[in-house]
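Coordinate inspection notes
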Amino acid sequence: MIRPIKTKKDYQKALARVEALWGSPVGTTKGDELDVLLTLVEAHEQKHYPMPPSDPIEAILFQMERMNLDRKDLEQYLGTKSRVSEVLAGKRPLSLKQIASLHHGLEIPYESLINQNQNG
């Protein structure tokens, strides 16, 4: 029976059940149970073990590597070659326009691009 995750013991039980159900075919009873448990576990983890947003530069570099992009590819999102260099060196914060452009163009989450220490 699926139950809410309220305690550490509930969380451990849910993880063990997820492991047991891992690989269950979609659309089956076990597959549906796995989907529901994953949703519960994810909600619990976000509430009790939140991940801080990554540094904007790290997020950009990660996505560049993932998408096999180079600095020149960022010019369409950040501006000139020198602007790309300034942003990646941490010498210039991202503007709101650049954040929106990176989010839409490279699918980098807003949370990863917005740094409360920036004045963009």
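Data block above holds the structure.
In this report, the structure presented in the accompanying data block is examined.

1. Some points on the nonpolar core
Within the largest apolar cluster, 15 residues are counted, with the highest numbers of intra-cluster contacts made by I60, L74, L78, L94, L102, I108 and L113. The set of elements that each furnish at least two residues to this core consists of α3 (56-67), α4 (71-78), α5 (81-88) and α6 (96-106). Residues in contact with L74, not counting those within four places in the same chain, are I60, M64, G79, V84, L88, L102 and L106.

2. Observations regarding the side chain of H44
Of note, H44 is situated in helix α2 (residues 29-48). Among residues more than four places away in sequence, those in contact with H44 are I5, Y11 and Y49.

3. Here we look at the pattern of salt bridges
Summed over the entire model, instances satisfying the criterion amount to four salt bridges. A salt bridge links E75 to K72, with the nearest nitrogen and oxygen atoms 3.8 Å apart. Pair noted here: E75 and K72 are both in helix α4, with a separation of three residues, about one helical turn. Residue classification places K72 among the exposed positions, given a relative accessible area of 58%. Between R92 and E86 there is a salt bridge, with its nearest N and O atoms 2.7 Å apart. Of the residues examined, R92 reaches a relative accessible area of 33% and is grouped as partly exposed. Owing to a relative accessible area of 28%, E86 belongs among the partly exposed residues under this scheme. A single network of salt bridges, built from pairs that share partners, joins R83, E86 and R92.

Conventions adopted
Residues numbered from 1 in each chain as written. Predicted model: local features only at pLDDT ≥ 70, side-chain atom pairs only at ≥ 80, totals over all residues. Heavy atoms only, no water. Core = buried A, V, L, I, M, F, W, Y, C linked by side-chain atoms within 4.5 Å. Buried < 20%, exposed > 50% of the residue type's maximum accessible area, 1.4 Å probe, protein only. Helix = DSSP H or I, 4+ residues; strand = E, 2+ residues; numbered from the N terminus. Contact = heavy atoms within 4.5 Å. Salt bridge = Lys/Arg side-chain N within 4 Å of Asp/Glu carboxyl O.

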